[in-house]
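Below are the chains, spelled out letter by letter.
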Amino acid sequence: MSERRAGVIAYVTSAVTARSADAGAIVAAVLAGTAVGGPAAGGLLAAALTIPHLIGPLAGRLLDARERPGPVLAAAFGWYAAFLIVAAVTLPVSIIGAAAALAAAGCAGPLVTGGLSSRLAPILATVSTSDEPVADAGSVTQRRGQALDALTYGVAGTVGPAAIAAGAVILSPGGALAATAGLLVIAAVPVLWLPRSRQTAARDTSGGILRVLLASAPLRRTTVATVGSATALASAPVIAAALAASRGASPASAALLMALYGAGGLGAALLLIARPLSGSPERLVRIGVAVASLALLLPLAALLVPSAATVIAGAAFALVGAASSALFAATLAARTEYSPPGAAARVFATVAGVKVAGTAMGVAAAGLIAPFGAGVLILCAAGVCALTLAAVALDAAITSRPSRAARSSRSSRSSRTSLAP
């Protein structure tokens with residue numbers, strides 16, 4: 001078995017397991033907190049677990065500084081697991097104590113998401129017979145790998161919460177939270193088999209990774225597109241609930257719509273593995289945001305045609321899920337191609353962290369808008385995507401002006417030189 005194939009197998013096994021635990025832990029925190037102290041406690045515990053994702057730059061630095069990513073990631077998974085168990089044990093005694101433990105656990109979250117994703121490109125560029133990478137950032141191999149990574153998130157986002165829901169019934173909400181730690185321990189084993197990273201020396205980012213993201217036009221636009229689209233797409237569960245309420249349907253129908261959303265995302269990821277994206281990552285990201293904006297408008301048809309609302313809403317949510325998955329693969333391609341040498345983990349983890357923040361804002365905003373009706377909520381979500389696309393396009397237009405002016409100036413000087421006697 002080649003080194004690349006072995007690395008990909010280790011990566012996928014670890015990524016699916018660890019990310020299933022990460023997605024399930026949020027559900028388990030809500031269920032366990034609600035069981036002990038009501039919905040407010042559940043929300044507090046979920047926030048405590050997710051907010052630390054914003055420390056992505058610090059977590060990513062740990063990974064960028066190491067040639068062997070496995071031990072760092074295994075330690076992070078172990079840290080995450082240990083504090084999940086502490087939270088489960090502490091919760092019956094102190095909700096605040098459990099929240100503190102979950103905040104400590106969440107500090108490893110950026111390495112489970114963006115940090116781990118940043119290691120896939122070096123794996124795909126690994127060849128056992130040479131020290132030279134053969135898969136550059138824009139190759140078919142890399143694009144196929146990015147779709148595969150999107151698939152791991154989709155599988156984890158489906159399997160993790162479902163497993164926790166079952167575990168909460170069989171054990172208890174607190175027991176399910178503790179059991180989540182077991183998945184992280186399992187994930188820590190294959191991650192040790194990740195190959196060494198063959199990359200150039202780390203770029204000096206003494207000014208901070210946020211400054212790097214702002215100074216690099218492609219990364220800046222990718223970050224804006226990621227956060228804006230995440231804010232809009234985070235409203236999907238609330239839109240599903242609002243559509244169910246508008247038809248007088250049971251809450252279970254909203255869960256079905258979200259299941260179709262997940263199925264659409266998985267289907268799109270599988271399709272992109274077979275037929276990888278091609279072209280400039282920036283262009284792919286802009287197309288992805290535009291498609292997501294249009295897809296978010298599709299559920300309006302369910303309100304306009306009540307007789308076929310169930311079928312239309314189901315198809316619409318599947319397409320929204322597919323658009324979300326394709327956009328995610330495009331943003332992974334952009335992060336891979338535009339990350340400075342030696343700073344990929346920081347870029348990936350930082351963008352993942354601000355994406356989590358955008359998702360949280362999107363859910364909160366959708367909850368506030370929901371009383372105005374499903375139609376208003378749908379239009380607002382699509383509008384956020386449209387505004388994001390406009391902001392990205394405006395940034396690209398402004399940035400390109402100096403380049404056009406410089407080319408024009410050089411052309412003028414060249415013309416004058418050729419006419420000189």
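Everything below is about the structure printed above this text.
These numbers were taken from a predicted model, which means no experiment stands behind them. The written sequence of each chain sets the order in which its residues are numbered from 1. The predicted origin of the model limits local features to residues at a pLDDT of at least 70 and limits the giving and counting of side-chain atom pairs to 80 or more, whereas totals for whole chains, interfaces and linings rest on all residues. Water and hydrogen atoms were dropped before computing side-chain values, which therefore reflect all heavy atoms in the structure.

1. Focus: the overall build of the chain
(1) Moving on: Comment: elements are numbered from the N terminus, with helices defined as DSSP H or I runs of at least four residues and strands as E runs of at least two. The secondary structure content of the chain amounts to 18 helices and zero strands.
(2) Moving on: Sequence-distant contacts, at least 24 apart, represent 83% of the contacts inside the chain between residues at least 6 apart.
(3) Moving on: Exposure was quantified through the Shrake-Rupley algorithm and a 1.4 Å probe, taking into account, for residues, occlusion by the shown protein chains and nothing else. Total accessible area on the chain stands at roughly 18,100 Å², and carbon and sulfur atoms take up 71% of it. Whether two residues are in contact is decided by their heavy atoms: any pair within 4.5 Å suffices.

2. Regarding the packing of aromatic side chains
(1) Moving on: The rule is short: rings of Phe, Tyr and Trp, with Trp giving its six-membered ring, pair when the centres are within 6.5 Å, and they are stacked under 30 degrees, edge-to-face over 60, tilted in between. The full count for this structure, using the stated rule, is two aromatic pairs.
(2) Moving on: Distance and angle both matter: a charge sits over a ring if NZ of Lys or CZ of Arg is within 6 Å of the ring centre and within 35 degrees of the ring normal. In this arrangement the basic side chain of Arg 19 is found over the ring face of Tyr 153, its NZ or CZ atom lying 3.9 Å from the centre.

3. Let's talk about the pattern of salt bridges
(1) Moving on: One side-chain nitrogen of Lys or Arg within 4 Å of one carboxyl oxygen of Asp or Glu is enough to make a salt bridge. With the rule as written, the count across this model stands at eight salt bridges.
(2) Moving on: Taking the shortest distance from any N to any O, the salt bridge between Glu 337 and Arg 143 comes out at 3.6 Å. Linking Glu 337 in helix α16 (residues 309-338) with Arg 143 in helix α8 (residues 140-170), this pair joins segments that are 194 residues apart in sequence.
(3) Moving on: Working definition: with a 1.4 Å probe on protein chains only, accessible area under 20% of the residue-type maximum means buried, over 50% means exposed, and in between means partly exposed. Assessed through its relative accessible area of 33%, Glu 337 is described here as partly exposed.
(4) Moving on: Of the charged contacts, one joins Glu 282 and Arg 286 as a salt bridge, the two residues approaching to 3.7 Å between their closest N and O atoms. Within this pair, Glu 282 and its partner Arg 286 are both found in helix α14 (residues 281-297), separated by four residues, close to a single helical turn.
(5) Moving on: Salt bridges sharing common partners tie together Arg 220, Arg 221, Glu 282, Arg 286 and Asp 395.

4. A word on the packing of helix α1 (residues 3-37) against helix α9 (residues 173-187)
(1) Moving on: Under this scheme, a helix contributes an axis fitted over its contacting stretch, all axes are lines through C-alpha atoms, and angles between N-to-C directions fall in the 0 to 180 degree range. In the contact formed by α1 and α9, the axes pass within 8 Å of each other and the chain directions differ by 165 degrees. In terms of axis orientation, α1 runs roughly antiparallel to α9. Between α1 and α9 lies a crossing whose hand is left-handed. The segment α1 lies against α9, with Ser 14, Thr 17, Ala 18, Ser 20, Ala 21, Ala 25, Ala 28, Ala 29, Leu 31, Ala 32 and Ala 35 engaging Pro 173, Gly 174, Ala 176, Leu 177, Thr 180, Leu 183, Leu 184, Ile 186 and Ala 187.
(2) Moving on: Each residue belonging to the contact of α1 with α9 can be placed in one class, and the counts come to 15 nonpolar, five polar and no charged. For this classification, under 35 degrees means roughly parallel, over 145 means roughly antiparallel, 65 to 115 means roughly perpendicular, and everything else is oblique. Note on convention: near helix rotated counterclockwise from far helix by under a right angle means a left-handed crossing. Clockwise means right-handed. All amino acids are sorted into three groups, where Ala, Val, Leu, Ile, Met, Phe, Trp, Tyr, Cys and Pro are nonpolar, Asp, Glu, Lys and Arg are charged, and the leftover types, Gly among them, are polar.

5. Overview of the nonpolar core
(1) Moving on: Leu 73, Phe 77, Tyr 80, Leu 84, Leu 102, Leu 116 and Leu 194 are the most contacted members of the largest nonpolar core, which totals 49 residues.
(2) Moving on: When near neighbours in sequence (up to four residues on either side) are disregarded, Leu 84 contacts Ala 25, Leu 102, Ala 105, Leu 177, Thr 180, Ala 181 and Leu 184.
(3) Moving on: In this structure, Val 238, Ala 244, Ala 366 and Ala 381 belong to the second largest nonpolar core, which totals 36 residues. The set of buried Ala, Val, Leu, Ile, Met, Phe, Trp, Tyr and Cys residues whose side-chain atoms join them within 4.5 Å is what this entry labels a nonpolar core.

6. So, a nonpolar patch on the surface
(1) Moving on: Each patch is assembled from residues with relative accessible area greater than 30% and no salt bridge, linking like charges that lie within 9 Å and nonpolar side chains (Val, Leu, Ile, Met, Phe, Trp, Tyr) that lie within 5 Å. A contiguous nonpolar surface patch, about 370 Å² in accessible area, is contributed by Val 169, Ile 170 and Leu 171.
(2) Moving on: With respect to the secondary-structure elements, Val 169 resides in helix α8.

7. Thoughts on the environment of Thr 399
(1) Moving on: Relative to the elements of secondary structure, Thr 399 occurs in helix α18 (residues 374-419).
(2) Moving on: Thr 399 sits in the partly exposed class, given a relative accessible area of 31%.
(3) Moving on: When the C-alpha positions of Thr 399 and Ala 217 are compared, they lie 7.5 Å apart, and in sequence the two are 182 residues distant.
(4) Moving on: Sequence-distant contacts of Thr 399, that is, excluding residues within four places in its chain, are made with Ala 217, Arg 220 and Arg 221.
(5) Moving on: Side-chain polar atoms of Thr 399 contact the backbone oxygen of Asp 395, separated by 2.7 Å. Within 3.5 Å is the distance limit for a polar contact, defined as a pair of N or O atoms, with the added protein rule that one can donate a hydrogen and the other accept it, and that residues adjacent in sequence qualify only through two side-chain atoms.

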